[in-house]
Structures are given as structure tokens and as C-alpha cells.
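Chain by chain, the residues:
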Amino acid sequence: MAGMTFAKALNAGLRKAMERDPKVVLMGEDIGRLGGVFRITDGLQKDFGAHRVIDTPLAESGIMGTAIGMAYRGYRPVVEIQFDGFVYPAFDQIVSQVAKMHYRTRGAVTLPITLRLPYGGGIGSPEHHSESPEAYFAHTAGLRVVSPSTPQDAYTMMQEAIACDDPVVFLEPKRRYHDKGEVDEGLGPGAGALPMGSARIAAEGSDVTLLAYGPMVKTCLDAAVAASDEGVSIEVIDLRSLSPVDYGPLEASVRKTGRLVIAHEASQTLGLGAELAAVLTERCFYHLEHAPVRVTGFDVPYPPSKLEFHHLPDLDRILDGVDRALDRPNSLSGLEDGA
Amino acid sequence: MSTGDDGSPIQLLSPHGERRPHERYDALVADLGPEALASLYEDMVVARRIDAEGTALQRQGQLGLWPPFLGQEAAQIGSAHAIAPDDFIFASYREIAVAYARGIPLPDLMRQWRGAANAGWDPFRHNMAPTQVVIGAQSLHAVGYAMGVQFDGAETAVITYFGDGATSQGDVNESMVFAASFQAPVVFFCQNNHWAISEPVGVQAHVPIGLRAPGFGIPSARIDGNDVLACLAATREALGRARSGNGPSYIEAVTYRMGAHTTADDPTRYRDANELEDWRGRDPISRLEAYLRAEGVLDDGLRARAAEKADDVAAALREATIHMPDPAPGELFEHVYAGPHAALDRQREHFERFHAGFDDHAAHAAGAHTEGAR
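Residues numbered from 1 in each chain as written. Chains lettered and ligands numbered in written order. Predicted model: local features only at pLDDT ≥ 70, side-chain atom pairs only at ≥ 80, totals over all residues. Heavy atoms only, no water.

Turning to the overall build of chain A, a few remarks are in order. Scanning chain A for helices and strands turns up 12 helices and 14 strands. Here the C-alpha atoms of chain A give a radius of gyration of 20 Å, agreeing with the 20 Å that 2.2 N^0.38 yields for 339 residues. Considered along the principal axes of its C-alpha atoms, chain A spans approximately 60 × 45 × 40 Å. Residues classed as buried in chain A amount to 61% of the 339 residues present. For chain A, the proportion of contacts with a sequence separation of at least 24, taken over those separated by at least 6, is 80%. Accessible area for chain A stands at about 12700 Å²; split by element, carbon and sulfur atoms hold 53% of it. On chain A, the mean spot of the 32 positive side-chain charges and the mean spot of the 45 negative ones are 7 Å from each other. (Helix = DSSP H or I, 4+ residues; strand = E, 2+ residues; numbered from the N terminus. Rg over C-alpha atoms; globule rule 2.2 N^0.38 Å. Buried < 20%, exposed > 50% of the residue type's maximum accessible area, 1.4 Å probe, protein only. Contact = heavy atoms within 4.5 Å. Areas by Shrake-Rupley, 256 points an atom, 1.4 Å probe, with all protein chains shown as cover. Lys, Arg positive; Asp, Glu negative; His and termini not counted. Charge placed at Lys NZ, Arg CZ, Asp CG, Glu CD.)

Dropping the structure here:
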């Protein structure tokens with residue numbers, strides 16, 4: 001397939017943002033000469049210099065905390081935390097400092113920091129390299145949380161996140177880094193309607209609404225194709241923004257289909273699916289033909305790679321969830337609580 | 001690490017106010033005439049009075065909490081007098097005397113302790129960040145700011161304050177790694193006041209805290225934190241090093257927290273009264289008074305002027321605190337985000353409608369609010 005990989009699209013988006021604004025600086029471990037362990041920053045230090053693409057000490061809290069000071073000074077830091085499971089040492093600086101500084105200072109300090117976080121599983125990595133920590137950040141007031149699912153959105157949303165005056169947690173679905181897609185390089189800030197805050201209807205359908213974001217969108221689209229072979233029409237919606245959620249298109253879809261399935265890799269309990277189900281139930285109660293269904297990772301620590309494909313929702317588990325929403329025979333048939 | 005001859009903290013003033021010569025530091029305070037010395041004295045006297053007033057206001061229910069800095073006036077005022085207007089300060093919650101010396105308006109000093117806001121002032125009006133509650137977190141902000149200064153090619157220095165407890169935190173250690181690696185123009189000013197709530201400094205460090213910085217490649221000085229001249233000299237030297245492109249410095253000011261950790265703390269549960277008495281003998285203000293009297297700078301006139309200033313500041317502080325208006329209910333939702341956020345905007349709208357309902361009730365049935373509006 002022609003087009004640009006997800007990884008290249010992120011790289012091109014970073015480059016565009018750096019060209020547009022000399023205050024944009026990149027900070028992170030191994031992002032300079034190496035170009036990052038996933039090569040997302042490949043070639044940027046060579047072209048922009050070591051003051052624009054800063055190889056930092058190996059200290060996640062240090063990276064986040066100094067990015068705050070840089071932003072205080074008028075810079076727009078784009079921070080890379082190398083892997084999802086390494087973001088926790090920086091958690092205090094993210095949730096107690098980055099998220100709260102604008103509120104704390106009654107608007108005097110803006111922290112336009114973009115936190116790039118390769119996240120999610122499915123690449124056969126060791127422990128701490130496959131986690132989905134989005135709920136921690138979406139739960140935190142003051143942060144915006146987004147996750148693109150296509151190369152075009154990766155390219156455009158990266159530029160939007162960097163141009164945004166609020167801190168943005170930018171979740172990169174690492175198992176999609178090598179997927180390819182068409183990218184219009186004219187689509188960036190200033191180009192009119194932009195994706196970052198808006199949900200996208202990835203596939204139209206009429207029987208079931210299937211919500212996903214980041215790495216699960218492709219899996220859900222595959223599920224929709226498989227379901228159509230059985231005569232079930234699934235509408236797949238890509239959230240793009242996890243905080244805030246663009247509920248308009250979601251409500252419209254649920255009112256149309258009356259059935260809601262939510263899929264994410266993160267564990268189920270208090271995950272984003274719980275919030276989506278609660279809000280859409282409140283707003284679409286009389287349109288629902290069945291309780292919202294969640295298809296998620298289990299409430300286990302991220303498992304070793306030989307088990308991860310049992311943990312991650314795949315096409316079959318999503319279709320099973322669709323069957324539950326449609327009251328068709330499914331893996332829970334016969335259980336009284338149906339949960 | 002620079003120390004006194006016998007490894008003790010560097011002193012320019014003995015506890016009895018005798019001037020002690022120092023090879024490097026003497027030149028750094030040689031310009032201090034009677035006026036500058038009087039100004040140091042006056043600021044310390046006023047700072048002590050602010051502390052007393054803060055404690056009293058808390059006891060009277062006017063403040064939610066107050067973190068006393070009694071005994072740390074020399075460390076805070078001495079270092080603050082070295083800071084240039086362009087320099088930027090990232091301090092902890094106890095650096096109230098630093099904020100006062102920086103010229104932060106009196107109501108702004110009290111706002112966060114009153115609970116009217118999370119922070120008191122606009123950092124860019126005073127080049128001082130709002131004080132930090134999370135222990136040591138601000139040291140990284142200072143280093144990042146200093147890296148920005150460096151990229152800008154500016155001749156500005158940054159200073160960060162923290163206590164002995166903070167030196168155990170990862171952030172403070174990470175900030176030293178960053179500062180040394182990038183040679184950032186930043187000064188780490190540690191007030192070793194000997195107690196992190198109930199934990200003595202020995203729980204944080206097995207060697208003098210100032211010894212750590214050289215391990216990071218950062219020059220360090222251990223000074224008497226109750227000696228205002230030593231504090232001023234060491235901070236001037238360190239800020240000068242930063243401004244001239246010679247990288248970070250570390251200062252351990254050895255002082256003592258004479259009061260409680262905060263007004264919610266009871267130090268008699270963990271602290272020996274003899275220790276307190278011992279430190280009372282090293283009081284920073286009486287030490288400066290003795291020196292200034294010997295120098296002929298302190299007379300009844302100066303004493304009276306300083307006392308009068310302290311009275312005025314205390315009265316103004318009290319007035320501002322007691323009459324500080326509560327924030328409007330809508331402030332709850334202000335400044336969470338720089339731009340619109342759909343989820344929060346919906347909650348705000350809901351809140352406003354809910355709140356407006358009480359107005360309707362009030363209009364139609366006076367007194368309904370106090371009896372419940374439903």
C-alpha cells in the first residue's frame with residue numbers, strides 16, 4: 001500500500017511544528033542522534049540542532065519537570081517518554097504540576113507541553129512496554145488526552161497538540177507505527193476543520209455503535225468488515241480525543257443504532273469505557289435497546305507477551321461483544337447478570 | 001565543598017556578632033554601607049513580625065494554615081538581597097520572607113494560606129513562581145527555566161529554594177543531574193533547618209548535605225544560615241557564577257526552624273527543648289544587632305524605625321487578610337484550561353443553572369437559602 005507510515009507521519013508533523021515555531025523544542029531520552037527508539041524524531045537533531053532536539057538524562061520526572069521550567073520561560077516543549085510503563089516516575093510532575101499550573105496561577109502560566117507517549121501492546125515486548133495508562137490522565141483535570149489512529153491524524157494532530165496552549169498527553173499507538181496511509185501534508189493548524197478535538201466516524205453502520213480509539217480502531221474496522229459478512233452493520237467511531245470526548249457524534253450514533261459497544265486495550269475497571277457507557281446511558285437512555293457492552297483488557301497487570309493476545313481485545317472478542325449488544329448467542333449466554 | 005577552616009559552616013558573623021574575615025566572601029560584602037546593613041536588619045525584623053502575625057491569624061481562624069519560618073530570617077533575607085530583578089525564583093511554601101523581600105504585595109502573601117486561591121501572585125510580575133507545596137518539585141522547574149535562559153543567551157540567573165527533607169527527593173537529585181549536564185545557570189539554595197516535620201536531618205543525610213553537590217559536579221558551599229552576611233555573600237557568588245555562564249552552584253545554609261513545621265504541628269512531641277535553647281543562642285537577628293551596634297549602625301532610631309515598619313506591615317497584613325473577599329463561585333471553573341473543554345464547560349453550565357436556581361428562590365421566598373432551597 002502506498003502512502004506514509006504512522007511513524008513517518010509523526011516525524012513529518014514534528015518537523016512542520018518545529019519549522020513553524022522556533023520555540024518548539026523536543027526533549028527526551030535517545031531522541032537526538034538515535035532518532036528515538038522508534039525513530040519518530042529521526043533526523044530532527046541533525047536539521048534543527050541539539051538545542052532544539054535535546055537528549056536528556058535518563059530521568060522521567062526530570063524531563064517533565066524541566067519541560068515545565070522551559071515552558072515558564074516561553075518555550076513549547078514536546079517531551080518523549082520512551083514507553084508507557086516508564087511514565088509513572090514522572091506522574092507527580094504531570095498530574096500535580098503540569099495539569100494544575102494554569103489553575104494554580106489563575107491563568108498567569110500556560111504550559112503548552114506535548115507529552116508524547118508510545119502506548120499499548122501487541123508488539124511482543126517485555127514488561128512495562130505495553131501499558132495503556134490513558135485513564136489516569138483523562139481523569140486529571142487540566143490535561144488534554146488524545147490518540148490518533150491513522151497516519152493523517154498522526155501528522156495533523158501532532159501539530160495541533162503542539163500549537164495548543166494546554167498540556168496535551170499525546171498517546172501514540174505503537175503497534176500502528178508501521179501502518180501506512182495517505183497523508184495530505186497541507187493539513188495542519190490554520191487549515192480549517194481539524195481532527196484533534198473531534199470524533200470521527202471511521203465506518204458507517206446502522207445496527208451497533210462501536211467506540212474505539214488509537215490502536216483498537218483498526219481492529220474494530222476489521223470486526224465491522226467481518227460482521228457485515230454475517231449481515232450485521234457496525235458503525236465504528238474513532239474518538240481521537242479522550243479528554244474531552246466529543247459526545248455529539250457518539251450520541252447521534254447511539255440514537256440511531258440503539259446498541260453500544262466500547263473497545264479498549266486498557267483494563268476494564270474504571271477505564272474510559274466505564275465513563276463512555278455512563279455518559280451515553282445518561283444521554284441516550286430511552287434509545288438504548290441493550291445495556292452498553294465493554295470489550296477491554298482484563299484487570300490484570302500487563303501479561304507476558306505469550307499471553308498478551310488473550311488479554312487484548314481482538315476481532316473475535318469484539319464480535320462476541322457485538323453479539324451481546326444484539327442479544328445474540330455469545331460467550332456470556334445463560335449467565336444471569338449478563339455482565 | 002567550601003566550609004570554614006575546621007569544616008564548620010562558613011561564618012562572617014559569629015553568634016555574638018563579631019565579624020570574622022573570609023578570604024573569598026569578604027569582597028562580596030565589602031560594598032555594604034550603613035544603609036544596606038540597616039535594610040537587611042529591617043527586612044529581618046519585619047519578616048519575623050510577618051511570621052508572628054501569620055501564626056496569630058491562623059490561631060484566630062483567619063488562615064487555614066501557616067508555615068512558620070521563625071529562625072530562618074537570615075537565610076531568606078540574606079539570599080533574597082542577592083537576587084537581581086531579572087533573576088527568577090522557584091521556592092517552597094516556607095520562603096515567605098523571600099517573597100516579602102521580593103516585593104510581593106502583602107495580600108498576595110496570604111491568599112493561599114487563607115484558602116482564597118491556590119497561589120498568591122502572577123509569577124511574571126515578580127519573577128517568582130508561586131510557592132510550591134510538593135516537596136522539591138520546584139527544583140526541576142528552576143533548572144528547566146535556567147535551560148531556557150541559556151538557550152536565550154540571557155544573563156539571567158535562577159534560584160531554587162528547598163529544605164533538608166527535599167534533598168531526599170528524586171526530583172532534587174534529578175534537577176542536579178540536569179543542571180550539571182547542561183551547565184544551567186541555577187543556584188540550589190538548601191535551608192537545612194534540621195527538621196522535616198518530625199524527622200531530624202540525620203534521617204535524610206548521613207553526611208553534610210552540602211557534600212552531595214560536588215558528586216554531581218556542582219560547586220558547593222556550607223554556610224551558617226543564621227549569618228545574614230554569609231548568606232548574602234554565598235548567594236551573590238553563586239548567582240554571579242550562573243550569570244557569567246559558569247553553571248550551577250549549591251548552597252547549604254545551616255539554620256534551624258524554631259517554630260513548628262506548620263500550625264498543624266506540635267514539635268514538643270519530637271524535639272528536645274535543650275536543642276531549641278541551644279539554637280536560640282545563635283539567633284540571626286540578635287547576632288546582626290550586636291554587629292550593627294558595634295559598627296555604630298544600630299541606634300535607637302533604627303530600632304524604632306524597624307519596629308514601626310514591622311507594626312505597619314503586620315497591621316496591613318491583618319487588614320488585608322481579614323477583609324480578603326472570598327472568590328466568586330464561578331472561579332471554581334476558571335483557568336483549568338487555556339481553551340474550551342467540552343466536559344468542563346458542560347459541568348460549568350450545569351453549576352451555573354443550579355446556582356441561578358437559588359437566586360430565583362431567594363427572589364420568591366426570602367430566607368429559603370438557609371432552610372434549604374428545595
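Following the structure, the description resumes.
Moving on, we get to the sheet that holds strand β2 (residues 158–163) of chain B. Residue and element names in this part refer to chain B. Taken together, five strands build an open sheet; the order of strands is β1-β2-β3-β7-β6 and the sheet is parallel. Each edge of the sheet is formed by a strand with only one pairing partner; in this case those strands are β1 (88–90) and β6 (220–224). Adjacent strand axes in the sheet meet at a mean angle of 20° when their direction is disregarded. (Pairing = 2+ DSSP bridges. Axes fitted to C-alpha atoms, helices over the stretch in contact; angles between N-to-C directions.)

Below, the discussion takes up the UniProt feature "domain: Transketolase-like pyrimidine-binding" (unreviewed entry) in chain A. In the numbering adopted here, UniProt assigns the feature "domain: Transketolase-like pyrimidine-binding" (unreviewed entry) to residues 4–179 of chain A. Within the segment residues 4–179 of chain A, helix and strand shares are 36% and 17% respectively, and the terminal C-alpha atoms sit 8 Å apart. (UniProt positions renumbered as here; feature names shortened; annotations may be inferred.)

This part takes up the sheet that holds strand β14 (residues 293–297) of chain A. Residue and element names in this part refer to chain A. Across the sheet, five strands lie side by side as β9-β11-β10-β13-β14; this open sheet has mixed pairing. Strands at the two margins of the open sheet, each flanked by one partner only, are β9 (200–203) and β14. The mean inter-strand angle of the sheet, taken between neighbouring strand axes irrespective of direction, is 25°. With three bridges connecting them, β9 and strand β11 (residues 234–238) associate as antiparallel partners. When the sheet's bridge partners are listed, Arg200 is paired in β11 with Asp238. Each of β9, β10 (208–212), β11 and β13 (260–267) touches helix α8 (residues 216–229); the most contacted strand, β11, lies at about 170° to it. Sheet strands touched by helix α10 (residues 272–284): β10, β13 and β14. Its angle to β13, the strand with the most contacts, is close to 155°.

Residues and elements named next belong to chain A. Burial analysis of β11 places five of its five residues in the buried class, which makes it a mostly covered element. Pairing analysis gives five bridges linking β10 to β11, with the strands arranged parallel. Within the sheet, the bridge partner assigned to Thr209 lies in β11 and is Glu235.

Residues given the UniProt feature "domain: Dehydrogenase E1 component" (unreviewed entry) here are residues 43–321 of chain B. The span residues 43–321 of chain B shows a helical share of 50% and a strand share of 11%, and its end C-alpha atoms are spaced 21 Å apart.

Attention now moves to the interface of chain B and chain A. Contact residues are listed per partner, giving 45 residues for chain B and 44 residues for chain A. Each partner contributes to the roughly 3600 Å² buried at the junction of chain B and chain A, and carbon and sulfur atoms together form 61% of this total. Across the chain B-chain A interface, the total number found is two salt bridges. When the shortest N-O distance is used, the salt bridge between B:Asp152 and A:Lys23 registers 3.7 Å. Here chain B and chain A share 20 residue pairs in polar contact (both at pLDDT 80 or more) between them. Broken down by secondary-structure element, the contributors of at least two residues to the side of chain B that touches chain A are β1, α6 (123–126), α7 (137–152), α8 (170–182) and α15 (342–364) of chain B. Examining the composition of the side of chain B that touches chain A, we find that 11 residues originate from one element, α7(B), more than from any other. Across the side of chain B that touches chain A, the residue classes tally to 27 nonpolar, 10 polar and eight charged. (Buried area = accessible area lost by both parts, 1.4 Å probe. Salt bridge = Lys/Arg side-chain N within 4 Å of Asp/Glu carboxyl O. Polar contact = N/O pair within 3.5 Å; in protein donor to acceptor, adjacent residues only side chain to side chain. Nonpolar A, V, L, I, M, F, W, Y, C, P; charged D, E, K, R; others polar.)

For the rest of this paragraph, the subject is the domain arrangement of chain A. All names here are of chain A. When the domains of chain A are assigned, the result is domain 1 (2–183) and domain 2 (200–326). Relative to domain 2, the C-alpha centre of domain 1 lies at a distance of 26 Å. With 27 residues of domain 1 at the contact, the number on the domain 2 side is 24 residues. For the domain 1 and domain 2 pair, buried surface summed over both sides reaches about 1900 Å², with 51% attributable to carbon and sulfur atoms. The interface formed by domain 1 and domain 2 holds two salt bridges in total. Two residues, Arg175 and Glu265, come together in a salt bridge whose shortest N-O distance is 2.4 Å. Our count for the contact surface shared by domain 1 and domain 2 stands at 13 residue pairs in polar contact (both at pLDDT 80 or more). Where the side of domain 1 that touches domain 2 is concerned, the elements lending two or more residues are α6 (134–138), β6 (144–146), α7 (151–163) and β7 (168–173). (Domains from an automatic or database assignment.)

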